[in-house]
Amino acid sequence: MPVTIKSEDEIAKMKVAGHLAAEVLELIATHIEPGITTAELDDICHRHIVDTQQAIPAPLNYHGFPKSICTSINHVVCHGIPADRKLRDGDIVNVDITVIKDGYHGDTSKMFIVGNGSVKARRLVDTAYECLCLGIDMVRPGVRLGDIGAAIQQHAESRKYSVVREYCGHGIGVEFHEEPQVLHYGTPGTGLVLTPGMIFTIEPMINIGKRHVKLLGDQWTVVTKDHSLSAQWEHTVLVTDTGHEVLTARAEESFEIAA
Ligand code: MF3
Ligand code: CO
Ligand code: CO
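Quick look at the structure, then. These figures come from a predicted structure and were not determined experimentally.

**Focus: the packing of helix H3 (residues 119-138) against helix H4 (residues 145-158)**
In contact at an axis separation of 8 Å, H3 and H4 are set at 155° when each is read in the N-to-C sense. As the angle between them shows, H3 and H4 are arranged roughly antiparallel. For the element pair H3 and H4, the recorded crossing hand is right-handed. Counted together, Thr127, Glu130, Cys131, Leu134, Gly135 and Met138 of H3 and Asp147, Ile148, Ala151, Ile152, His155 and Ala156 of H4 form the full contact between these two elements. Per-class residue counts for the contact of H3 with H4 are seven nonpolar, three polar and two charged.

Written out as structure tokens, the structure reads:
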């Protein structure tokens, strides 16, 4: 399947889906505290998406994934399965939300620090967010995917962190994962040239230690091989005529419309 260019009508639906996904992250923020289990977080999100938003949690049954959200704690890189593990003071946790509304997907994730967190953990979480924002800042017609990857990689490595290579951002729309693949490392001036109407996610996974990952026996949970902490943030981004629009922006965020 080639890269799809979304019509005005599709873009309107993607904005709705993106907004709903962002709203779930805003809701779950109020529940992140020591003692709550990730299964409880999943249940709260599931009920809000299904009952209040009348939308579909995309992860549930996606290639057999058993839950409605992903929760990835500490050295878990991505695709953590909600379970009976309680959040503890000092944990860092990524909550990844994907909703389907009116046939279109919105995909976004953020990091939470439970309680205070160490300086080391906060620095990682902040840098991973900066990596996402630097990637988003690049998005406009004429820019190439390699420019985005290079900006993210450069920032992470300037802090002596590493970028996970096995997982990447992706086109999104009617399908959860469409072309193109959006790598979080790369070479400027290479790769697909962006044009208006493209919609894709940027979702860098940044490790304190080495970049290598391994898949656990549940066939979903991805962890750092060296068990170092990992952080990830994700937004769904539209290429506009003049720049970009972040379809999953939360009220706490302020994105410039690139001129
Ligand atoms: N939301 C993830 C992403 O950003 C994908 C999760 S797939 C699942 O692409 F099956 F684990 F939910
Ligand atoms: Co995604
Ligand atoms: Co996601």
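**Side note on the packing of helix H1 (residues 8-29) against helix H2 (residues 38-52)**
Packing of H1 against H2 leaves a shortest axis separation of 10 Å and a crossing angle of 135°. Judged by the angle between their axes, H1 and H2 are oblique. Our pair here, H1 against H2, has a crossing hand that is right-handed. Between H1 and H2, the contacting residues are Glu23, Val24, Leu27 and Ile28 on the first element and Leu41, Ile44, Cys45, His48 and Ile49 on the second. Here the residues of the contact of H1 with H2 are counted per class, giving seven nonpolar, one polar and one charged.

**A closer look at the pattern of salt bridges**
According to the stated counting rule, one finds nine salt bridges in the structure shown. Here Glu130 makes a salt bridge to Arg159, at a shortest N to O gap of 3.6 Å. Taken together, the positions of Glu130 in helix H3 and Arg159 in the loop between H4 and strand S6 (162-163) put the pair 29 residues apart, joining distant regions of the chain. The salt bridge involving Glu253 is made with Arg250; its shortest N-O contact spans 3.3 Å.

**A closer look at the coordination of the cobalt ion (ligand 2)**
Donor atoms from the polypeptide that coordinate the cobalt ion (ligand 2) comprise Asp107 (OD), His170 (NE2), Glu203 (OE) and Glu234 (OE), at 2.0 to 2.2 Å from the metal. Site description for the cobalt ion (ligand 2): donor spacing in sequence, D-x62-H-x32-E-x30-E. Distance-wise, the cobalt ion (ligand 3) is placed 3.4 Å from the cobalt ion (ligand 2), both being coordinated by Asp107. Here Glu203 lies in the loop between strand S9 (199-202) and strand S10 (205-207) and Asp107 lies in strand S5 (residues 104-113), a separation of 96 residues in the sequence. Note on accessibility: Asp107 and Glu203 belong to one class, buried.

**Topic: the site of ligand 1**
For ligand 1, the set of nearby residues contains 14 residues, the closest of which are Pro59, His170, His177, Glu203 and Glu234. Here a nitrogen atom of ligand 1 and a side-chain polar atom of Thr98 are 3.4 Å apart. For ligand 1, whose accessible area on its own is 330 Å², the fraction buried by protein is 97%.

**Focus: H4**
With 14 residues, H4 extends 20 Å between its outermost C-alpha atoms, agreeing within 8% with the 20 Å of an ideal straight helix rising 1.5 Å per residue. Along H4, 11 of the 14 residues are buried, which leaves the element largely enclosed by surrounding structure. Listing the buried residues of H4 in full gives Leu145, Gly146, Asp147, Ile148, Gly149, Ala150, Ala151, Ile152, Gln153, His155 and Ala156. Elements that come into contact with the buried residues of H4 comprise H3, S6, strand S8 (178-182), S9 and S10.

**Comments concerning the state of the cysteines**
Put plainly, a disulfide is one covalent bond tying together the sulfur atoms of two cysteines. Tallied over the full model, the rule gives zero disulfides. In this structure Cys70 is not part of a disulfide, and its nearest cysteine sulfur, from Cys78, lies 7.7 Å away. Cys70 sits in the buried class, given a relative accessible area of 9%. Considering cysteine sulfurs only, Cys131 is the nearest to Cys133, which forms no disulfide, with 9.4 Å between them. According to the relative accessible area criterion, Cys133 is buried, its value standing at 18%.

Thresholds, definitions, all that
Residues numbered from 1 in each chain as written. Chains lettered and ligands numbered in written order. Predicted model: local features only at pLDDT ≥ 70, side-chain atom pairs only at ≥ 80, totals over all residues. Heavy atoms only, no water. Axes fitted to C-alpha atoms, helices over the stretch in contact; angles between N-to-C directions. Helix = DSSP H or I, 4+ residues; strand = E, 2+ residues; numbered from the N terminus. Parallel < 35°, antiparallel > 145°, perpendicular 65-115°, else oblique. Left-handed = near helix turned anticlockwise from the far one by under 90°. Contact = heavy atoms within 4.5 Å. Nonpolar A, V, L, I, M, F, W, Y, C, P; charged D, E, K, R; others polar. Salt bridge = Lys/Arg side-chain N within 4 Å of Asp/Glu carboxyl O. Donors = N, O, S within 2.8 Å, 3.2 Å for Na, K, Ca; no water. Buried < 20%, exposed > 50% of the residue type's maximum accessible area, 1.4 Å probe, protein only. Near = heavy atom within 4 Å. Polar contact = N/O pair within 3.5 Å; in protein donor to acceptor, adjacent residues only side chain to side chain. Areas by Shrake-Rupley, 256 points an atom, 1.4 Å probe, with all protein chains shown as cover. Expected span 1.5 Å × (residues − 1). Disulfide = S-S within 2.5 Å.

That is the geometry; function is a separate question.
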